[in-house]
Amino acid sequence: MCGIIGINSNKPVSANIINSLKKLEYRGYDSAGMATLYNGLINEVKSEGRVENLEKNSLVQNMEGTIGIGHVRWATHGLPNSINAHPHSSQNVSVVHNGIIENSTILKKFLIGKGHKFKSQTDTEVIVHLITENLKTENIVNSIQKTLKSLHGSFALGIIFKDQPDLIVGARRGSPLAVGYGPNENYLGSDSYALKSMTNKITYLNDGEFCIIKKDYVEFFSEEGTKINKKVLELSSTEEKYDKGDYKHFMVKEIEEQPNTIKNGINEYIDMSNKDINIYNFPWRSDEISSITLIGCGTAYHSCLMAKYWFEEITSLDVNIDIASEFRYRKNRFKKDTLYVFVSQSGETADTYAALDLCKQSGVKTCAVVNVVESSIARDSEFVLPIHCGIEIGVASTKAFLGQILILYILALKLALLRKDIEKSNFDKKIDDLKNLPKLVEKTLLIDNKIQSISNTFNEAKGSMFLGRGFSYPIALEGALKLKELSYIHAEGYPAGEMKHGPLALIEEGMPVVVLAPRDNYYKKTISNMQEVIARGAKVLLITNKSKDEVISENIWEKIEVESTNEDLLPFLLTIPLQKLAYYSALKKGYDIDKPRNLAKSVTVE
Ligand code: M6R
């Protein structure tokens, strides 16, 4: 992961580097650092923890220099401390790096043999010494090209040189990197978001390319070292402002914004008056697609699993889903009549991007369901379905999940209609139900107090389980993921019907178990599975939907009822109490809700 910034200007750069690093913190937040050139020397300052620690450092406050690089880190090699924080520097060169150098051990041995001394446990430091070594015999361009050739793995790099007061080098393989253009200054950044307060004119580097950023111009080079021309893109110049407002955390704000997420998605894709779905410029005819493969990671993978149930229910398409990190290393049988859908909030997740890249190389149909429309996955897919939920800051994905499943549901309905898999009357009914969804989400959000007290039991337990069948199973997985990532409580999501094949052995007296049993086709079966865990001592929190029929069960510990709607849409509502449960558990534990330990918002390493 990690975030990179570089600024070459004729004014002091340290304040702008700090501002950009704050925007990049979603990529990593275990340490931060920066380096500038001043009076012919490289000045380096690094701090453990957040960018605010770096900002408070008196050395940064007095930092001079009109050219500099900065970094926020998500540790891969070496502890998250200030020694391992970036930049890493020799006397001549300073480097910030996002990615992993897979052959760093061999390179380090070679460099130690040449007399280089290492200070950190990072893989990055080999880049510093390799460039330093190559500079003994080569000019800047050749030394960079030679260095990049020796590196295995993935990287986005920002490099400054003691003897080059007007030059930043940027290089990319695997990890994203953008160049920005300003008045008498130019920039390097992990993404356009980090540069947006300074410029909306952007060029994205492709894999293998590198660049030399001067104050007045930028030169681009191919992997082979030949000069190339690249397009300058003009992005929207309005910088989306997003703050916590009166909320304590971004996460809770983002949970509360979900009625709008649904409204935005509906407004964007559904023509309520004509009862139709508008997906403009969809590049394929429906008879060119006979199967669909959905790929993502973490919460986005849960969206794929959710979509599988809907696609199978509503369409006659064959549906496969895959975790991106598995897909990329399997022997896939790529099929021309399969639509490959990449689901990602950030659009920068390395594994998902690599899976997309593989599909592109195989010449199959690719479509992205993303939130960040300027992201690598959006740019490089043939077709994009944006989820329009606005910036999501909390590391735990909430509104993006509902946004993703909404768009995937809409896509399933559209393909079903085009393929004549669904009766028009049934389609119309489903569109009508969608119209009411924002209101139902809003009402479901009101179930607050009960969840606050329920969360105490989860906090005191050794572990917990989340069970569901059918449409509720992906939601059980998502609920368990939210609880573990925020509260650091062991939580396992499981298909309710699978418990007897092993996990039932985990149930002991007082263990909290969430059972998702809405009044759908699986209701009775799930209630039986619930009885099986109650009989073994579990404290069951039953989450169902409001109904005139009583729940056919006693001995449950707690019950939460969400609003009622058609079976397809219940997963949206069941998600909400689970998001809140995770939020309140972490709140009571006093954990850092928007930045849970060891994680980052955008996962740009494999
Ligand atoms: O940006 P993406 O949607 O591609 O991210 C995928 C996962 O890293 C992400 O959903 C992660 O699992 C979240 N932290 C879960 O809340």
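In this convention, every chain numbers its residues from 1, walking through the sequence in written order. For this predicted model, a pLDDT threshold of at least 70 governs which residues receive local features, and a threshold of 80 or more governs which side-chain atom pairs are given and counted, while totals over whole chains, interfaces and linings are taken from all residues. Remark: hydrogens and water are excluded; side-chain values derive from all non-hydrogen atoms of the structure.

## Observations concerning the overall build of the chain
Looking only at helices and strands, the chain has 19 helices and 27 strands in total. Every radius of gyration here is taken over C-alpha atoms, with the globule rule written as 2.2 Å times N^0.38, N being the number of residues. Relative to the 2.2 N^0.38 estimate, which gives 25 Å for 606 residues, the radius of gyration of the chain is 26 Å and therefore close to what a compact globule would have. Viewed in the frame of its principal axes, the chain has a C-alpha envelope of about 80 × 55 × 45 Å. The contact definition used throughout considers only heavy atoms, calling two residues in contact when any of these lie within 4.5 Å. In the chain, of all internal contacts separated by at least 6 residues, the share reaching a separation of at least 24 is 70%. The method behind every accessible area is Shrake-Rupley, applied with a 1.4 Å probe, and residues are considered shielded solely by the protein chains displayed. For the chain, the exposed area adds up to about 24,100 Å²; of that, 47% sits on carbon and sulfur atoms. Distance from the positive charge centre (73 side chains) to the negative charge centre (75 side chains) of the chain: 2 Å. For the purposes of this entry, the term helix denotes a DSSP run of H or I that reaches at least four residues, the term strand denotes a run of E that reaches at least two, and both are numbered from the N terminus. By the counting rule applied here, Lys and Arg register as positive and Asp and Glu as negative, while His and the ends of each chain are not counted. By convention, charge coordinates are those of NZ in Lys, CZ in Arg, CG in Asp, or CD in Glu.

## Concerning the nonpolar core
The set of buried Ala, Val, Leu, Ile, Met, Phe, Trp, Tyr and Cys residues whose side-chain atoms join them within 4.5 Å is what this entry labels a nonpolar core. To sort residues, take the accessible area from a 1.4 Å probe on protein chains only and compare it with the maximum for the residue type: under 20% means buried, over 50% means exposed, and anything in between is partly exposed. Judged by nonpolar contacts, the single largest core of 90 residues is most densely connected at Leu-434 and Phe-466. At 14 residues, the largest contribution of residues to this core is made by helix H14 (residues 399-418). Domain start and stop positions are those given by an automatic or database domain assignment. Taken domain by domain, the makeup of this core includes at least three residues from each of domain 2 (250-444) and domain 3 (448-589). Setting aside residues up to four positions removed in sequence, Leu-434 forms contacts with Ile-266, Ile-270, Leu-406, Tyr-409, Ile-410, Leu-413 and Leu-569. Listed in part, the 26 residues of the second largest apolar core include Val-95, Ile-101, Leu-107 and Val-126.

## Re the environment of Ile-279
Position of Ile-279 among the secondary structure elements: in the loop between strand E17 (276-277) and strand E18 (291-296). Look at Ile-279 and you get buried, because its relative accessible area is 14%. Taking C-alpha positions, Ile-279 is 9.4 Å from Ile-410, a pair spaced 131 residues apart along the chain. Leaving out residues up to four positions away in the same chain, Ile-279 has contacts with Tyr-269, Phe-383, Leu-385, Leu-411 and Lys-414.

## Remarks on the pattern of salt bridges
When a carboxyl oxygen of Asp or Glu lies within 4 Å of a side-chain nitrogen of Lys or Arg, that pair is called a salt bridge. All told, the structure shown has 38 salt bridges when counted by the stated rule. In this structure, the salt-bridge partner of Glu-312 is Lys-308, at a minimum N-O distance of 3.0 Å. Taken together, the residues span about one helical turn, with Glu-312 and Lys-308 both in helix H10 (residues 298-314) at a distance of four residues.

## Focus on the packing of H14 against helix H15 (residues 424-444)
Packed helix pairs are specified by the crossing angle of their axes together with the interaxial distance, meaning the distance between the axes. Note on geometry: axes are C-alpha line fits, over the in-contact stretch for helices, and angles between N-to-C directions span 0 to 180 degrees. The contact between H14 and H15 brings their axes to 10 Å, and the two run at 160°. Comparing their axes, H15 and H14 come out roughly antiparallel. Crossing geometry of H14 relative to H15 is assigned as left-handed. Touching Leu-406, Tyr-409, Ile-410, Leu-413 and Leu-417 of H14 are Lys-424, Phe-427, Lys-430, Ile-431 and Leu-434, all from H15. Geometric relationships in this document are graded by angle, where less than 35 degrees denotes roughly parallel, more than 145 denotes roughly antiparallel, 65 to 115 denotes roughly perpendicular, and other angles denote oblique. Put simply, a crossing is left-handed when the front helix is turned counterclockwise from the back one by less than a right angle, and right-handed when it is turned clockwise.

## A word on the site of the ligand
The criterion for a residue being near a molecule or strand is simple. One of its heavy atoms has to lie within 4 Å of it. Residues in close proximity to the ligand total 15 residues, the closest being Ser-344, Gln-345, Ser-346, Thr-349 and Glu-485. Between the ligand and Ser-344 there is a distance of 2.6 Å, counted from an oxygen atom to a side-chain nitrogen or oxygen. We call two N or O atoms a polar contact when they sit within 3.5 Å, provided that within protein one can donate a hydrogen and the other can accept it, with sequence-adjacent residues counted only if both atoms are side-chain atoms. In the model, a nitrogen atom of the ligand is placed 3.0 Å from a nitrogen or oxygen of the Val-395 main chain. Mapped by element, the contributors of at least two residues to the shell around the ligand are H10 and helix H17 (473-487). When the residues that make up the shell around the ligand are grouped by side-chain class, the tally is six nonpolar, seven polar and two charged. Charged means Asp, Glu, Lys or Arg here, nonpolar means Ala, Val, Leu, Ile, Met, Phe, Trp, Tyr, Cys or Pro, and polar covers whatever is left, Gly included.

## Brief notes about the packing of aromatic side chains
Each Phe, Tyr or Trp ring, with Trp reduced to its six-membered ring, pairs with another whose centre is within 6.5 Å; inter-plane angles below 30 degrees give stacked pairs, above 60 give edge-to-face pairs, and intermediate values give tilted ones. Considering all chains together, one arrives at 15 aromatic pairs under this definition. Here Tyr-26 and Tyr-193 contribute two aromatic rings whose centre-to-centre distance is 6.4 Å and whose plane-to-plane angle is 65°, an arrangement assigned as edge-to-face. Of the two residues, Tyr-26 sits in the loop between helix H1 (14-24) and strand E2 (31-38) while Tyr-193 sits in helix H7 (residues 192-195), which places them 167 residues apart along the sequence. For the ring pair Phe-210 and Phe-221, a centre distance of 5.0 Å and an interplane angle of 10° mean the geometry is stacked. Of this pair, Phe-210 sits in strand E12 (residues 210-213) while Phe-221 is found in strand E13 (residues 218-221), placing the two residues 11 residues apart along the sequence. Like Phe-210, the residue Phe-221 is buried in the burial classification. A cation over a ring is seen here: Lys-23 above Tyr-193, with NZ or CZ 5.8 Å from the ring centre. Our definition puts a charge over a ring when NZ of Lys or CZ of Arg is within 6 Å of the ring centre and also within 35 degrees of the ring normal. Taking the ring centre of Tyr-29 as reference, the NZ or CZ of Lys-595 above it sits at 6.0 Å.

## Thoughts on the domain arrangement of the chain
As far as domains go, the chain holds domain 1 (3-234), domain 2 (250-444) and domain 3 (448-589). Relative to domain 2, the C-alpha centre of domain 1 lies at a distance of 35 Å. Contact residues are listed per partner, giving seven residues for domain 1 and eight residues for domain 2. Taking both sides of the interface into account, the surface hidden between domain 1 and domain 2 amounts to around 670 Å²; carbon and sulfur atoms contribute 49%. Here domain 1 is connected to domain 2 by one salt bridge. Salt-bridge contacts for Glu-374 lead to Lys-196; the nearest nitrogen and oxygen are separated by 3.7 Å. Remark: the boundary between domain 1 and domain 2 carries two residue pairs in polar contact (both at pLDDT 80 or more). The class makeup of the residues in the side of domain 1 that touches domain 2 is four nonpolar, one polar and two charged. Note: buried area is the sum, over both parts, of the accessible area (probe 1.4 Å) each one loses when the two are combined.

## Some points on the environment of Asp-448
For Asp-448, the position within the fold is in the loop between H15 and helix H16 (449-460). For Asp-448, a relative accessible area of 18% gives the class buried. C-alpha separation for the pair Asp-448 and Leu-581, spaced 133 residues apart in sequence, amounts to 9.1 Å. Other than its neighbours up to four places away in sequence, Asp-448 contacts Lys-580 and Tyr-584. Among the polar contacts listed, one links the side chain of Asp-448 to the side chain of Lys-580, at a separation of 2.2 Å.

## Quick word on the side chain of His-249
When you line up the elements, His-249 lands in the loop between strand E15 (233-234) and helix H8 (250-256). When neighbours within four sequence positions are excluded, His-249 is seen to be in contact with Lys-244, Tyr-583, Leu-587, Ile-593 and Asp-594.

## Topic: the sheet that holds strand E9 (residues 178-182)
Strands are labelled as partners when DSSP assigns at least two bridges between them. With respect to topology, eight strands assemble into an open sheet ordered E3-E2-E4-E1-E10-E9-E11-E15, the strand pairing being antiparallel. Two strands close off the open sheet at either side, each with one partner strand: strand E3 (41-48) and E15. Two elements, strand E11 (residues 201-204) and E15, share two bridges in a ladder whose sense is antiparallel. Bridging from a neighbouring strand, Lys-201 pairs with Glu-234 of E15. Relative to the sheet, H1 contacts strand E1 (3-8), E2 and strand E4 (67-73), its axis offset from that of E1 by approximately 155°.

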